[in-house]
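Take a look at the letters that make up each chain.
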Amino acid sequence: MSVDLEQFHQVFFEESFEGLDIMETGLMELDLGAANSEDINTIFRAAHSIKGGSGTFGFQGIANFTHVMETLLDEMRDGRRQVTREAVDSLLKSVDILRMMLNCEQDKSNPDTDKIQQQMSELEFILGESGGAAAIQAASAGSSSETTGWHIIFEPDANMMLTGNDPLRIIRELAEMGDIEVKTNQQKLPAFSELSPENCYLSWDITLRGNITEDAIKDVFLWVEDECKLTLTPIVDTSVQPAAEATSAAPAVTESVAPVAATASDSKKSTQSSSATSSIRVGIDKIDDLINMVGELVITQSMLSLLGEDFSMQNLEKLQDGLGQLERHTRELQESVMMIRMLPISFSFSRFPRLVRDMSSQMGKKIDLIMSGENTEIDKTLIEKIGDPLVHLVRNSLDHGIEMPADRIAAGKKETGTINLNAYHKGGNIVIEITDDGKGIDQDAVLNKAIEKGLVPAGAKLTAQQINDLIFQPGFSTAKKITDVSGRGVGMDVVRKNITSLGGAVEIQSEHGKGSTFTIRLPLTLAILDGQSVIVGNEIYIIPLVSIVESIQIKTSMINKVAGKGETFKLRDEYIPIVRLSRVFGIENAKAKTLEDGLLVVVEADRKPCGLFVDDLLGQQQVVIKSLEQNYRRVDGVSGATILGDGSVALILDIPGLLRMSVRH
Amino acid sequence: MPKILAVDDSSSMRQMVSFTLKGAGYDVVEAVDGQDALTKAKSQQFDLIVTDVNMPVMDGITFIRNLRAEANYKFTPMLMLTTESAADKKSEGKAAGATGWIVKPFNPDQLINTIKKVLG
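Below is a summary of the structure that appears in this document. (Residues numbered from 1 in each chain as written. Chains lettered and ligands numbered in written order. Predicted model: local features only at pLDDT ≥ 70, side-chain atom pairs only at ≥ 80, totals over all residues. Heavy atoms only, no water.)

## Some remarks on the pairing of strand β13 (residues 528-536) of chain A
Walk down a regular strand and you will see the side chains alternate between the two sheet faces.
All names here are of chain A.
Right, on to step 1. The element β13 is extensively covered by neighbouring structure, given that eight of its nine residues are classed as buried.
Right, on to step 2. Where β13 lies against strand β21 (residues 616-624), seven bridges are found, and the strand directions are antiparallel. In the sheet register, Gly 531 faces β21, and the bridge partner there is Gln 621.
Right, on to step 3. Inspection of the sheet shows β13 paired to strand β14 (residues 539-544) by six bridges, in the antiparallel sense. Across the sheet, the residue bridging to Gly 531 is Pro 544, located in β14.
Right, on to step 4. If you look at the hairpin formed by β13 and β14, you'll find two residues sitting between the two strands, and Gly 537 has a positive phi there, around 60°. (Buried < 20%, exposed > 50% of the residue type's maximum accessible area, 1.4 Å probe, protein only. Helix = DSSP H or I, 4+ residues; strand = E, 2+ residues; numbered from the N terminus. Pairing = 2+ DSSP bridges.)

Here is the structure:
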């Protein structure tokens, strides 16, 4: 029969990726020099499973590669080899390579054979260095003397059957190989009273004729070679030759190892690309909640329709009750549906232990990474998008924050620096903090640099917070030399921009000599927004509540008109530009003709305030965001649209975009 | 119909072994580690055991040693699935009471042929 092994591939890939994660985590936790053998064994086991599976399912390249890793791990496990940083680093790199190879097999694409070969050589070099038993045994050719037959004396040990080996099975197997003559020797059979039914007392004198190799016969006896006395004598031309008494030496089964991985997967070349649709794993409890909620909704709906069929004013109270219920259930349903898209932030955090480990060893720093709140849930889209900014901030802390061990000791700190990664919910937002106990921001240096770069006029007096904020300015970097880790000056402004585009904000607190904390605030989801609806003429617009500072009525006396720069007004000590929505969107029937008739909604984007002039405020409400791009096209100053209670469409304002537009005008 | 217990912590290998043996007409029960296998083997009688060696919780060799000590598994064939080409795992397994071994990687046909021979 033939079994299609491909049906097991997906499971194999999944468990192999899990295995790689286990190896990676395990390797990072190994204590150099004094590793616990059980810890190594866990890593070994993962490698071993991958090797076994890949060989069986036809991924020979992966099997060969894993074999070398496994050999190294095996020597570490047995204590034959020290757990050195070099070896652990190389194994970690190998994990990456293996991941790449598995990905390639999964996508049916070509792996980078040079990299594989290079890493394989590196592992072999490490193995060879201390003369470890790395030698991959080539399949032993074995003797293949051909004869016309064999004379076999087979004397099982008394307890052979106690390992489940039946001598009759072995004789049956021999019988399949050629003509057989079997003489049973009963000499050792004891008296019945002394006979133990579990023991084997018989031995056999077997003549097997046919063109059979010695190896083939030994294969039959392979499992019992230590449990019997076996004498093999070749028969040549029916004349028994007394020579070559081959008492079974251990013909170890050797694994055939194909010559290195280089071309192994190339043949798998295929244009077929994997169309992995993005999917999400949802806990069954969340689904159950949802089903419950829908059930409630159906009940409310049927109650309301009953009321509607035969409505009289005395049922008004019931109707109001029903509507109240409907509202509550709809809100709960909405929350439950949003929960489905929520994933723990650990999906994003999980890459950091490795990143911190690799980078700190590269830079010669000692750093502990402490993560907390990994189970805080956040929208899947946000998890994907916050990844890069987070990496940048952590790298920044590693590179610019934490000092070299010697500097730390000189500053009276612990030699090992700490980076804390923490996530928690706060008031409808998710907050992610990256804290380091490094050198903090040198505010004098930052200010001087900003003046030098012309970002701040010379002699300007800035608050500490304003100075810290300068690092988010485009083109700002105080690093004395550019490392490949960070410090190209293309970092922090992009980080802030990316976070702002997600509807979030990033701030920094820092104390020179003590460390810095970056705080990222993000909305829980991108699908729903708390908005303030405002009216201009007949149009309703939604302003995201997070952007609004205050709403005020203004007096003409507060207004300044600057030629070529539009209108500004003085709010407390600041001059703030005014943006008339009616002008931006070309609305001609705006009710408020003069600035005194309407309202000014003061909003803030990128820390710059601005006044949006509208006719009036309506209500605050949660709105479901519909993409304009998907349904129409991108419109400047508008981030999306929503459908209001009466079925009409309202545009959601993109405050930073609107401000940029107003500056251009 | 002979009844086989297939033990492996790797679900792909376990599924492959189980699928292959079922296809050959055997009755197959799966276990995820030695401990699980031991519990299952004590609650019902199997005609043959196929077990991985390297497993968490309880490895295959310990499992074989424990099961071989059970009165109704004295003569039951127990095969190790092993990638270890090194002789030490095999002799360790043999000493624990294993009948024999099948070396990974193997293909489904090799597996069935071996098991057919053992079960006669």
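That shown, we press on.
## A word on the interface of chain B and chain A
Right, on to step 1. Taken together, the 41 residues of chain B in the interface contact 35 residues of chain A.
Right, on to step 2. Among the residues chain B hides against chain A, the three largest losses belong to Asn 54, Phe 75 and Thr 83 of chain B. Together they make up 16% of the total.
Right, on to step 3. Scanning the region where chain B abuts chain A turns up three salt bridges.
Right, on to step 4. Between Lys 74 of chain B and Glu 198 of chain A there is a salt bridge; the shortest N-O distance is 2.4 Å.
Right, on to step 5. Linking chain B to chain A there are eleven residue pairs in polar contact (both at pLDDT 80 or more).
Right, on to step 6. Of all the secondary structure elements, the ones that give two or more residues to the side of chain B that touches chain A are α1 (11-23), α4 (87-96), β5 (100-103) and α5 (108-119) of chain B.
Right, on to step 7. A per-element tally of the side of chain B that touches chain A places α1 of chain B first, with eight residues.
Right, on to step 8. Residue composition of the side of chain B that touches chain A, grouped by class: 17 nonpolar, 15 polar and nine charged. (Contact = heavy atoms within 4.5 Å. Buried area = accessible area lost by both parts, 1.4 Å probe. Salt bridge = Lys/Arg side-chain N within 4 Å of Asp/Glu carboxyl O. Polar contact = N/O pair within 3.5 Å; in protein donor to acceptor, adjacent residues only side chain to side chain. Nonpolar A, V, L, I, M, F, W, Y, C, P; charged D, E, K, R; others polar.)

## Describing the layout of surface pockets
Residue and element names in this part refer to chain A.
Right, on to step 1. One number sums up the size of the second largest pocket: a volume of about 1600 Å³.
Right, on to step 2. In this structure, the second largest pocket is lined by 44 residues; those nearest its centre are Asp 21, Glu 24, Arg 99, Ser 350 and Arg 351.
Right, on to step 3. Mapped by element, the contributors of at least two residues to the lining of the second largest pocket are α1 (9-29), α4 (85-107), α10 (346-349), α11 (352-363) and β7 (367-372).
Right, on to step 4. Top element by residues in the lining of the second largest pocket is α1. It accounts for eleven residues. (1 Å grid on protein atoms, 1.4 Å probe; cavity = no way out; pocket = protein on both sides within 12 Å on 5 of 7 lines; lining within 4 Å. Points joined across faces, edges and corners; volume = space filled by probe spheres on them.)

## A word on the packing of aromatic side chains
In this description, a pair of aromatic rings is defined by centroid distance and the angle of the planes.
Residue and element names in this part refer to chain A.
Right, on to step 1. Going through the model one piece at a time under the given rule, you end up with eleven aromatic pairs over all chains.
Right, on to step 2. When the ring centre of Phe 44 is taken as reference, the NZ or CZ atom of Arg 77 above it lies at 3.8 Å.
Right, on to step 3. A cation over an aromatic ring shows up here: Arg 496 above the ring of Phe 472, its NZ or CZ 4.2 Å from the ring centre. (Phe/Tyr/Trp six-rings, centres within 6.5 Å; stacked < 30°, edge-to-face > 60°. Lys NZ or Arg CZ within 6 Å of the ring centre and 35° of its normal.)

## Some details on the sheet that holds strand β22 (residues 638-643) of chain A
All names here are of chain A.
Right, on to step 1. Here we have five strands laid out as an open sheet, ordered β21-β13-β14-β23-β22, and mixed in their pairing. Lying at the two open borders of the sheet, with one neighbouring strand each, are β21 and β22. Between one strand and the next, the sheet's axes are offset by a mean angle of 35°, whatever the strand orientation. (Axes fitted to C-alpha atoms, helices over the stretch in contact; angles between N-to-C directions.)

## Some remarks on helix α9 (residues 316-340) of chain A
Residue and element names in this part refer to chain A.
Right, on to step 1. For α9, with 25 residues, the first-to-last C-alpha span of 36 Å sits near the 36 Å given by 1.5 Å per residue.
Right, on to step 2. All of the buried residues in α9 are Gly 322, His 329, Leu 333, Ser 336, Met 338 and Ile 340.
Right, on to step 3. Contact partners of the buried residues in α9: α8 (284-309), β6 (342-344) and β13. (Expected span 1.5 Å × (residues − 1).)

Note that all results are geometric; they support no functional claim without further evidence.
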